[in-house]
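Below, each chain spelled out in residue letters.
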Amino acid sequence: MQLSLSGRLLVLLARYLDFHERVVSVPRTLRYLAGDPRVGRHRRWAQEYLRHRQRLRQTLHTLKRRGYLQEKLFGTTRGYVMTPKGETKLLQLKLRDASARGRLPGGQWLMAFFDVPESRKREREMLRTNLKMLGFESVQKSVWVTRADVRRELRQWVAGRQLAPCVRLLLVRELGR
């Protein structure tokens, strides 16, 4: 599935940079990434963005307006940090990519179980929604399993919501009845 330009920019920036505590100068970053061999398939459109600065500014404005990026000013450098809403959108975009849903080796299962307090009910419901998006199936209300290798994406999302003490992941060789 083809991503929108704003989606591609969000994925590219998140993939190669640490948004969690760092400010990014987007034009400088794209100049760097345009020459980086790790960028691969993104190189051509990153170079295209640099040639059309107005389009880059419009896309960044769209990401800010939708609440995915927050603009920060440190000294004379203008940069952006990813918001929690942006992290959720990024997770959704990554899940569209078939490579993000690789299978676990040896027929293993990934089991997620959680005990989120009632005081954080909304986050618990968001966790269930994201587990469904990641391809998990419910065994019980708080026990979910999948054969997809989505450990990294789930850990990132859980850490971003400070739910790590409430969520446990296990790799299971077989599920018995």
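Our subject is the structure that appears above.
Residues numbered from 1 in each chain as written. Predicted model: local features only at pLDDT ≥ 70, side-chain atom pairs only at ≥ 80, totals over all residues. Heavy atoms only, no water.

### Brief notes about the pairing of strand β5 (residues 143-146)
The side chains of a regular strand alternate between the sheet's two faces.
Here is step 1 of the chain: Here β5 shows a buried face lined by V143 and V145 and a second buried face lined by W144 and T146.
Here is step 2 of the chain: With three bridges joining them, strand β4 (residues 137-140) and β5 adopt antiparallel strand pairing. Bridging from a neighbouring strand, S138 pairs with W144 of β5.
Here is step 3 of the chain: The antiparallel pairing of β4 with β5 creates a hairpin that spans two residues between the two strands. (Buried < 20%, exposed > 50% of the residue type's maximum accessible area, 1.4 Å probe, protein only. Helix = DSSP H or I, 4+ residues; strand = E, 2+ residues; numbered from the N terminus. Pairing = 2+ DSSP bridges.)

### Some words on the pattern of salt bridges
Here is step 1 of the chain: All chains considered together, the criterion is met by five salt bridges.
Here is step 2 of the chain: For R124, the salt bridge identified is with E118, shortest N-O distance 3.2 Å.
Here is step 3 of the chain: Residue class for R124 comes out buried when judged on its relative accessible area of 12%.
Here is step 4 of the chain: Among the salt bridges present, the one from R152 reaches E153, with a minimum N-O distance of 3.9 Å. (Salt bridge = Lys/Arg side-chain N within 4 Å of Asp/Glu carboxyl O.)

### Side note on the sheet that holds β4
Here is step 1 of the chain: Here four strands make up an open sheet; going across it, the order is β4-β5-β3-β6 and the pairing antiparallel. Edge positions in the sheet fall to β4 and β6 (167-172), since each of these pairs with one other strand and no more. The average angle at which neighbouring strand axes cross in this sheet is 25 degrees, direction not considered.
Here is step 2 of the chain: In this fold helix α6 (residues 121-133) packs onto β3 (109-114), β5 and β6, with an angle of close to 170 degrees to the strand it touches most, β3.
Here is step 3 of the chain: Across the sheet, helix α7 (residues 151-160) lies against β3 and β6, angled at about 170 degrees from β6, the strand it touches most. (Axes fitted to C-alpha atoms, helices over the stretch in contact; angles between N-to-C directions. Contact = heavy atoms within 4.5 Å.)

### Quick look at the packing of α6 against α7
Here is step 1 of the chain: At a minimum axis distance of 12 Å, the contact between α6 and α7 shows a crossing angle of 165 degrees. By the criterion of interaxial angle, the relationship of α6 to α7 is roughly antiparallel. The handedness of the crossing between α6 and α7 is right-handed. On α7, the residues touching E123, M126, L127, N130 and L131 of α6 are L154, W157 and V158.
Here is step 2 of the chain: Broken down by class, the residue content of the contact of α6 with α7 amounts to six nonpolar, one polar and one charged. (Parallel < 35°, antiparallel > 145°, perpendicular 65-115°, else oblique. Left-handed = near helix turned anticlockwise from the far one by under 90°. Nonpolar A, V, L, I, M, F, W, Y, C, P; charged D, E, K, R; others polar.)

### So, the nonpolar core
Here is step 1 of the chain: Residues F114, L127, L131, F136, L154, V158 and V167 are the most contacted members of the largest nonpolar core, which totals 19 residues.
Here is step 2 of the chain: Mapped by element, the contributors of at least two residues to this core are β3, α6 and α7.
Here is step 3 of the chain: Those residues in contact with F136, other than ones at most four positions away along the chain, are L110, A112, L131, W144, V145, T146, V150 and L154. (Core = buried A, V, L, I, M, F, W, Y, C linked by side-chain atoms within 4.5 Å.)

### Some details on the environment of L60
Here is step 1 of the chain: Its location among the elements puts L60 in helix α4 (residues 53-65).
Here is step 2 of the chain: A sequence separation of 50 residues divides L60 from L10, and the C-alpha atoms of the two residues are 9.1 Å apart.

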